[in-house]
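Chain and residue survey
Chain by chain, the residues run as shown.
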Amino acid sequence: MTYSNLVGRLASVVMLSACVPSYASVAYGPDDYYGRDSYGRGVVEIYDYSPDYYGDWRYNYRRWSPAIIYEYNGRYYPNRFRDARPLQVYRDRSEYFLPPRDRDWSRAERRFDPRRRPTEEDYRRARPRREGKDRG
């Protein structure tokens, strides 16, 4: 084999390897899926239940809509993605809030999925409602 044949074969191998697709591993996080602008859209804020704001749960819980949001690294997102933990909350108008901590709550509300119950950490992260603030 001559030197020119060897160089020609080596060059063809290099050119063929450039045509083969590479399989790189890329990790996508929630911020890659949900574009975030200056208003923080894409991340859901959750509030702690306040009877002054949402009303007494014994009379008002039927008009609340159960909703599933997803927690990842201490943030809450509206859509599911890998490694995010599902969390059931309630939605009233356009706000998400955690269920009441009353001991009679679990017996009265049958729409709530106990497997997606909020943790103590979720209750610590929830934003408190200012007392007496009007809804409208």
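Scroll up to find the structure this text is about.
Scope of this entry: the structure provided in the associated data block. What you are looking at is a predicted structure, and each value in this text was computed from that prediction instead of being measured.

Counting its regular elements, the protein chain contains six helices and five strands. Listing the helices and strands of the protein chain from first to last along the sequence gives α-α-β-α-α-β-β-β-β-α-α. Every one of the 136 residues in the protein chain was classed for burial, and the buried ones make up 31%. Considering only intrachain contacts with a sequence separation of at least 6, the fraction spanning at least 24 residues in the protein chain is 63%. Summed over all atoms, the accessible surface of the protein chain reaches about 10,100 Å², with 49% contributed by carbon and sulfur.

Here we come to the packing of aromatic side chains. With the rule as written, the count across this model stands at ten aromatic pairs. Aromatic side chains Y53 and Y54 sit 4.9 Å apart centroid to centroid with 85° between the ring planes, which places their arrangement in the edge-to-face category. One exposure class covers both Y53 and Y54, and it is buried. Between the aromatic rings of Y90 and F97, the centroid separation amounts to 6.2 Å while the plane-to-plane angle is 35°, which identifies the pairing as tilted. When its relative accessible area of 0% is taken as the criterion, F97 is described as buried.

Turning our attention to the pairing of strand β2 (residues 65–72). Where β2 meets strand β4 (residues 85–92), seven bridges bridge the pair, whose relative direction is antiparallel. Residue pairing for β4: Y70 is matched across the bridge by P86. Bridge count for β2 against strand β3 (residues 75–77) is three bridges, and the pairing is antiparallel. Residue pairing in the sheet places E71 in a bridge with Y76 of β3. Here β2 hands over to β3 after two residues, with N73 in that stretch at a positive phi of 55°.

The subject of this paragraph is the pairing of β4. Across three bridges, β4 lies against strand β5 (residues 95–97) in antiparallel orientation. From the neighbouring strand, Y90 faces β5, where its bridge partner is F97. Turn length for the β4-β5 hairpin, with the two strands adjacent in sequence and antiparallel, is two residues, and the turn residue R93 shows positive phi of about 60°.

Bringing the side chain of Q88 into the picture now. Its location among the elements puts Q88 in strand β4. The buried category is assigned to Q88, whose relative accessible area is 4%. Each residue touching Q88, except ones within four places of it in the same chain, is listed here: P66, A67, I68, P99, R111, F112, D113, R116 and P118.

Conventions adopted
- Residue positions within a chain follow its written sequence, with the count starting from 1.
- Two thresholds apply to this predicted model, a pLDDT of at least 70 for residue-level local features and 80 or more for giving and counting side-chain atom pairs, whereas whole-chain, interface and lining totals are computed over all residues.
- Side-chain metrics in this entry use all non-hydrogen atoms of the structure; hydrogen atoms and water are not considered.
- The helix and strand labels rest on DSSP assignments: H or I over at least four residues marks a helix, E over at least two residues marks a strand, and numbering proceeds from the N terminus.
- For the exposure calls, accessible area comes from a 1.4 Å probe over protein chains only, and a residue counts as buried if that area is under 20% of its type's maximum, exposed if over 50%, partly exposed in between.
- Here, two residues are considered to be in contact whenever any of their heavy atoms come within 4.5 Å of each other.
- Surface accessibility in these figures is a Shrake-Rupley result with a 1.4 Å probe; residues are shielded only by whichever protein chains are displayed.
- Stacked, edge-to-face and tilted are the three classes for Phe, Tyr and Trp ring pairs, Trp counted by its six-membered ring, which pair at centre distances within 6.5 Å; planes under 30 degrees apart are stacked, over 60 edge-to-face, the rest tilted.
- Whether two strands pair depends on DSSP finding at least two bridges between them.

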